[in-house]
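Notes for the structure review
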Amino acid sequence: MRIEYTGLSEIQGSLVALEGVSGVTYDELAEITLNNGERRYGRIIKIDGDKVVLQVFEGTDGVDMEHVNTHFTGKPITLPLSREILGRIFDGSGKPLDGLREVFPDERRDINGAAINPVSRKYPRSCILTGISSIDATSTLIRGQKLPIFSGAGMSHNELAAQIVRQAQTMDSSDEFAIVFCAMGVKNDTAEFFKKDFQDSGALGRVVMYLNMASDPIIERILAPRCALTAAEYLAFHHGYHVLVIMTDMSSYCEALREFSSSKGEIPSRKGFPSYMYSDLASLYERAGMIQGEKGSVTQVPILTMPNDDISHPIPDLTGYITEGQIVLSRSLEQKGIYPPVAILPSLSRLMKDGTGEGFTREDHSDLSNQLFASYSAVADARSLASVIGEDELSEIDKLYVDFGRRFEDEFIAQGDRENRTLEETLDLGWELLSMLPRKELGRVSDKMLDKYYKGSE
Amino acid sequence: METNNYYIHGVNGPVITVRGGRSLPMMSLVYVGNDKIPGEVVSANGDTAIVQVYEDSAGLGKGQPVISTGRPMSVLLGPGMISNIYDGIARPLRTIAGMTGSFITKGITLPALDLEKLWDVNIEVKDGDDAKGGMIFARTMESDAIEHRCMLRPDLKGKFIEVKPSGRYKVTDVIAQIVDERGRKTPLMLAQEWPIRRPRPCLKRLPITRPLVTGQRVIDTLFPVGKGGCAAIPGPFGAGKTMVQHQLAKWSDADVIVYLGCGERGNEMTQVLDEFAELKDPKTGHLLMERTILIANTSNMPVAAREASIYTGMTIAEYYRDMGYHVALMADSTSRWAEALREISGRLEEMPAEESFPAYLPSRLAGFYERAGYMETLSGAEGSITVIGAVSPQGGDFSEPVTQNTKRFIRTFWALDRSLAYARHFPSINWTTSYSEYFIDLKDWYENNFGSGFTKMRQQIIDILGKESSLMEIVKLIGADILPDDQKLIIETAKVIRQGYLQQNAFHKTDTYMPPEKQMIMLEVILYLFEEAKKLTSRNIPLNQLVATGVFSALYRMKFDLGEGQTKDYFIKLIDDSISKVLEGNE
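Keep in mind that this is a model prediction, so the values were computed, not measured. (Residues numbered from 1 in each chain as written. Chains lettered and ligands numbered in written order. Predicted model: local features only at pLDDT ≥ 70, side-chain atom pairs only at ≥ 80, totals over all residues. Heavy atoms only, no water.)

Concerning the overall build of chain A
In plain terms, the rule: Numbering goes from the N terminus for both helices and strands, where a helix is a DSSP run of H or I of at least four residues and a strand is a run of E of at least two. Radius of gyration here uses only the C-alpha atoms, and the compact-globule reference equals 2.2 Å multiplied by the residue count raised to the power 0.38. Each residue is placed in one exposure class: buried if its accessible area under a 1.4 Å probe, protein chains only, is under 20% of its type's maximum, exposed if it is over 50%, and partly exposed if it falls in between. Any two residues having at least one pair of non-hydrogen atoms within 4.5 Å are treated as being in contact. In this description, accessible areas are obtained by the Shrake-Rupley approach with a 1.4 Å probe, and a residue is regarded as covered only by the protein chains that are shown. Within this scheme the basic residues Lys and Arg register as positive and the acidic residues Asp and Glu register as negative, but His and the chain ends are omitted. To locate a charge, take atom NZ for lysine, CZ for arginine, CG for aspartate or CD for glutamate.
Helices and strands together make up the secondary structure of chain A, namely twelve helices and 22 strands. Taken over C-alpha atoms, the radius of gyration comes to 25 Å for chain A, in line with the 23 Å a tight globule of 458 residues would show. On the principal axes, the C-alpha backbone points of chain A span a range of 85 × 50 × 40 Å. In chain A, which comprises 458 residues, the proportion classed as buried is 62%. When contacts within chain A are restricted to residue pairs at least 6 apart in sequence, those whose partners lie at least 24 apart make up 72%. In the form shown here, chain A has an accessible surface area of approximately 16600 Å², with 47% of it arising from carbon and sulfur atoms. For chain A, the distance from the average position of its 48 positive side-chain charges to the average position of its 69 negative side-chain charges is 2 Å.

Focus on the overall build of chain B
The number of helices and strands found in chain B is 17 helices and 26 strands. Relative to the globule expectation of 25 Å for 587 residues, the C-alpha radius of gyration of chain B, 28 Å, shows essentially globular dimensions. Projected onto its principal axes, the C-alpha positions of chain B cover 100 × 55 × 40 Å. When each of the 587 residues of chain B is scored for burial, the buried share is 60%. Residue pairs in contact within chain B that sit at least 24 positions apart in sequence constitute 69% of those at least 6 positions apart. Surface accessibility of chain B: about 21900 Å² in total, with carbon and sulfur atoms responsible for 52%. Chain B carries 66 positive and 72 negative side-chain charges, and their two centres are separated by 2 Å.

Quick look at the pattern of salt bridges
Our working definition: The rule for a salt bridge is simple: a side-chain nitrogen of Lys or Arg has to be within 4 Å of a carboxyl oxygen of Asp or Glu.
Enumeration over the complete set of coordinates arrives at 73 salt bridges over all chains. The residue Arg40(A) makes a salt bridge to Glu38(A) at a minimum N-O spacing of 2.9 Å. Between Arg91(B) and Glu55(B) there is a salt bridge; the shortest N-O distance is 3.0 Å. Taken as a pair, Arg91(B) in the loop between strand E8 (85-86) and helix H1 (93-100) and Glu55(B) in the loop between strand E5 (48-53) and strand E6 (65-72) lie far apart in primary sequence, 36 residues in all. Judged on exposure class, the residue Arg91(B) and its partner Glu55(B) are both buried.

Let's talk about the sheet that holds strand E9 (residues 119-123) of chain B
All names here are of chain B. This is how the line gets drawn: In this analysis, strands are considered paired if DSSP registers two or more bridges between them. Note on geometry: axes are C-alpha line fits, over the in-contact stretch for helices, and angles between N-to-C directions span 0 to 180 degrees.
Reading across the sheet, the four strands line up as E12-E11-E9-E14 and stay open at both edges, with antiparallel pairing between neighbours. The sheet is open, and its two edges are formed by strand E12 (147-151) and strand E14 (167-169), each paired on a single side. Adjacent strand axes in the sheet meet at a mean angle of 40° when their direction is disregarded. By the bridge criterion, two bridges tie E9 to strand E11 (residues 136-141) in an arrangement that is antiparallel. Residue pairing in the sheet places asparagine 122 in a bridge with arginine 139 of E11.

Things to note about the interface of chain B and chain A
We apply this condition: Two parts placed together each lose some accessible area; with a 1.4 Å probe, that loss summed over both constitutes the buried area. Distance and chemistry together define a polar contact, namely a pair of N or O atoms within 3.5 Å, with one atom able to donate a hydrogen and the other to accept it when in protein, and with adjacent residues in sequence counting only for side-chain atoms on both sides.
Counting from both sides, the interface comprises 74 residues of chain B and, opposite them, 72 residues of chain A. Its largest share of buried area at the contact with chain A, chain B owes to Phe237(B), Arg265(B) and Arg424(B), together 14% of the area lost on that side. The partner of Lys62(B) in a salt bridge is Asp50(A), and the shortest N-O contact between them spans 3.1 Å. Counting every contact that joins chain B to chain A gives 29 residue pairs in polar contact (both at pLDDT 80 or more). Looking at the side of chain B that touches chain A, the elements that each hand over two or more residues are strand E1 (6-12), H1, helix H3 (241-251), helix H4 (266-276), helix H5 (303-322), helix H6 (334-347), helix H9 (418-422) and helix H11 (454-478) of chain B. Note: strand E5 (residues 39-48) of chain A against E1(B), two bridges, orientation antiparallel. If you follow Asp48(A) over to E1(B), its bridge partner there is Gly10(B).

Considerations on the confidence of the model for chain B
Predicted coordinates in regions of low pLDDT should not be interpreted in detail. Residue and element names in this part refer to chain B. Threshold: Think of pLDDT as the predictor's per-residue confidence, scored from 0 to 100.
For chain B, per-residue confidence averages 92 on the pLDDT scale, and 99% of positions sit at 70 or higher. Here H9 stands out as the least confident element of chain B, with mean pLDDT 89; strand E25 (residues 412-413) is the most confident, with 97. For this predicted complex, the interface confidence score (ipTM) comes to 0.89, while the overall pTM stands at 0.93.

Here's the deal with the packing of aromatic side chains
Selection rule: When two rings of Phe, Tyr or Trp (its six-membered ring) have centres within 6.5 Å they constitute a pair, described as stacked for plane angles under 30 degrees, edge-to-face for angles over 60, and tilted for the intermediate range. Geometrically, a lysine NZ or arginine CZ counts as sitting over a ring once it is within 6 Å of the ring centre and also within 35 degrees of the ring normal.
According to the stated counting rule, one finds 27 aromatic pairs over all chains in the structure shown. Aromatic side chains Phe368(B) and Tyr369(B) sit 5.2 Å apart centroid to centroid with 65° between the ring planes, which places their arrangement in the edge-to-face category. Residue Phe368(B) is classed as buried on the basis of its relative accessible area of 2%. Taking 6.1 Å as the distance between ring centres and 45° as the angle between the ring planes, the aromatic pair formed by Phe439(B) and Phe454(B) counts as tilted. Residue Phe439(B) is located in helix H10 (residues 439-449), and its partner Phe454(B) is located in helix H11; the two are separated by 15 residues in the primary sequence. A single burial state applies to Phe439(B) and to Phe454(B), both of which are buried. Taken together, the ring pairs connect Phe439(B), Trp445(B), Tyr446(B), Phe450(B) and Phe454(B) into an aromatic cluster. The ring of Trp194(B) carries Arg200(B) above its face, with NZ or CZ at 5.0 Å from the centroid. Between the NZ or CZ atom of Arg336(B) and the centre of the ring of Tyr321(A), over which it lies, the distance is 4.7 Å.

Structural notes on the side chain of Glu376(B)
Residues and elements named next belong to chain B. Mapped onto the secondary structure, glutamate 376 falls in strand E23 (residues 373-376). On the accessibility criterion, glutamate 376 (18% relative accessible area) is buried. Those residues in contact with glutamate 376, other than ones at most four positions away along the chain, are Cys202, Leu203, Lys204, Leu206 and Ala381.

Points about the packing of helix H4 (residues 218-237) of chain A against helix H6 (residues 277-285) of chain A
All names here are of chain A. Which entries qualify depends on this criterion: Should an angle lie under 35 degrees it is considered roughly parallel, over 145 roughly antiparallel, and from 65 to 115 roughly perpendicular; all remaining angles are considered oblique. Ten residues, namely Ala, Val, Leu, Ile, Met, Phe, Trp, Tyr, Cys and Pro, are considered nonpolar, four, namely Asp, Glu, Lys and Arg, are considered charged, and the remaining ones, Gly among them, are considered polar.
Following both chains from N to C, one finds H4 and H6 inclined at 30°, their axes separated by 10 Å at the closest point. Classified by the angle their axes make, H4 and H6 are roughly parallel. When H4 is examined against H6, the residues Pro225, Arg226 and Leu229 are found in contact with a partner set consisting of Asp280, Ser283 and Leu284. Among the residues forming the contact of H4 with H6, the class breakdown is three nonpolar, one polar and two charged.

Quick look at a nonpolar patch on the surface
This is how the line gets drawn: Put simply, a patch holds well-exposed residues, over 30% relative accessible area, that have no salt bridge, with like charges counted together within 9 Å and Val, Leu, Ile, Met, Phe, Trp or Tyr side chains within 5 Å.
A surface patch of nonpolar side chains, amounting to about 450 Å² of accessible area, comprises Val388(A), Ile474(B), Leu477(B), Ile478(B) and Ile482(B). Looking at the nonpolar patch, the element that brings in the most residues is H11(B), giving three residues. Here Val388(A) is to be found in helix H9 (residues 365-389). Given the relative accessible area of 48%, Val388(A) is considered partly exposed.

Details of the pairing of strand E15 (residues 176-179) of chain B
Residues and elements named next belong to chain B. Burial along E15 is two-sided: the face carrying Ala176 and Ile178 and the face carrying Gln177 and Val179 are both buried. Where strand E13 (residues 157-161) meets E15, three bridges bridge the pair, whose relative direction is antiparallel. Each residue of the ladder has a partner; that of isoleucine 161, found in E15, is glutamine 177. Sheet analysis places E15 next to strand E16 (residues 185-188), joined by four bridges and oriented antiparallel. Following the sheet pairing, valine 179 is matched in E16 by lysine 185. Count of turn residues in the E15/E16 antiparallel hairpin: five residues, of which glycine 183 carries a positive phi of about 85°.

Let's talk about the pairing of E9(B)
Residue and element names in this part refer to chain B. Side chains Trp119, Val121 and Ile123 of E9 all project onto a buried face; the interleaved residues Asp120 and Asn122 project onto a face where none is buried. Looking at chain direction, E9 and E14 are connected through three bridges and run antiparallel. Counterpart to aspartate 120 in the pairing with E14 is arginine 168.

If you want it as structure tokens, here you go:
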């Protein structure tokens, strides 16, 4: 028997309350039918005796207290899944946006997912080459990793993400890969940019898109990454795909979370964000990984724009504590016209130590990467000294560092957006630049490696 | 006995209101709803009780039953915990994976121990022996490295009767009875339950006189932590907190390691599992996993269980301490625990204090850190718990409440530094802002074990680093070239100390762990060069000549050369040769 409750007792923002309800459970999906026949969906977020609070995904515009019928479905929110989602475009809650029919599901999955048992995880070790020197050499992306791009408004993070998608390949290229693209509160132009780029590179047939635009309801923005990751897990651990998930923009997601939290009247934490934002972000980011005995993997590249380029803002800060490293873009490199403007020093890949070097990439990879970090950080000291006493007054060695820094940025970091460097090219270029410096300055590299790769004079 | 019919009245995230009776004890364990998910009673008001549940509350609804156990949250302690991995409320994750596959499902109730496994037990008491709480009555080899000593529950007293002979038993087999003065009998098993929030008793606290030797130069030499002491590692993300924790878990000279992954990454726990199953303890030659217990509440696992996880870890640590072991508890990260506290406090609509953390944050932190200590146990042995807590301050700002309150209850502070991490100086422990209050207590131990004169050498190293940091202020403005030679020498030596000594490569085969005697050699060699070079400069011989011989940069690599068997004499000779070469040139 279908039970419908008529009327509401309270409407506040995207929340509505009903009284006299029984037999429902927390997190259950509800269908709300408006007077004009429009159907909306909601989720139970609080039960207090007979009173139930619902969060309405599409917002409460046009809803009145009397002429509304609510039906509880008895299930949590599930996403219909089958292999045919590849090539499709959906909205933030998983409804088709491409004018095609609903997915005929092989399976329906709860979008909240479940935590991977740490015992069942497989430690990620196989590296993904992006053909971008500043990533491959010093912040290598590993399959199954979550490696966000920390950017700022107006920087070229979208171009970088698109280039990663175009060029990403593993040592073993026979594996099947798929891309899940999730847009949260981005402008239409951004979504179009990615769509076109996927189309041009012929990847569109392997892409699933979940799009929530800047003007779409915020509740759907909170659902969008959950739908995307559910689809990614399904493709990875049911069909064995290696899935790369691009999520943009996490800052809009967090702001939606804040808006929703304040509408619930919760006690705010730093900068008004809810105190559970760490757990909430973790429930998304931790869905990356590999599982023992499964062929596929989920790799995440979330993009976030740091408000006012501030890396200590709660959004990048909490993200950095959860993700396995970060690729930070620098406005000063961007202003020098360097693409991709990857700031080498704050960028980090926590998993690269176990997926690079002998047996994985090339024997000198880790040593070289450590040395590039160390030498480039000495460049910063030399430059700040030069800004006080002038470059001419610098000691010989500091002058060498300044020259090294200049060439490192112009030749190593900078590359074309269609330029796909092999790992060999990247590493050799790194050695060529390091050879500008005297051998005794290279304290991070073993003598064996220096004998083999160092080309400078003693 | 249970006459009340408790049921769910309301659900708000992990906070459940329960009605139906007034006799739910505070902090007792309940099973909530049709899925029977575990929870704890956190407050009561009239006929309404508030329960926090340890799993996702989706699927709970009004009217579903709540089962009271009447007992506090407890963990079953006994043989079989070593090498195991548990969730925040001590459910074995390997067994769960066997039952439900790769993803964790809800409503599983499992004891911490394997109830079916048979242990070779050596029973050491006989009928009529006096029984006293905490005494050891049986032993069994739990792993190659750890002998499990079964102790009497601290509250039991009387005489042993019906003692079974040594042999193979399960943890819940009754192997004896305790009869007290009034003739009441209590069956005795290998396993015992203990409430996680109650500290296990011991005879008395002893002073801290021995360090936890870690093989990490910056820690052992400059900022040691005593066995039974507390240390905190605060640092922004990417500064290497987890790396330091892993290094200590691998190489410190504790007998048992309890590694608590509290709200951190799943892959990190997997990494520990993988690595510790292969690496060997340099002192005993046993696999590291043979002395390690892991507790994992990764950041996407239920938040209320995160709050409980540090107590679960501490209770297990205390249990092994009571056997007479030196236990090191690594908690990574206490900030996640504090945030879990904040999240639940917010749901309970409590009045928030600083940065919306609850006002009782400091007292909870104190309660946790004070469970560490060097103790005489009830059985008369000595055991200790050393607590090493990572702190993840928001934005790397150490003025936030968790770091500040933690500082009041710890005595060793390893401040990790973002700028050192950017320059890939690891471990990125900043030598000017870190401190150890334990060194004074440990001085005698160091003089006897590292070598006499250690205290003086350590002080010299600290002085050189201190002078360097004030000189760097000048160097940043005018460059190093203009400094007089004695100051240049400070800078060159400090560079050797920083690059050659303080930096330690965790991924290098030998450099990852350096035993005390080699640390001592390094100190002696570095200071020998410093003194000899000082003599040169006092004769107005330019320091650049000595630098040009490459002797300073040779010492950068001394740590690797020592690892490959090079001796102290070799380096002393190297220094002497370089000095004579310079002297000859100035004849």
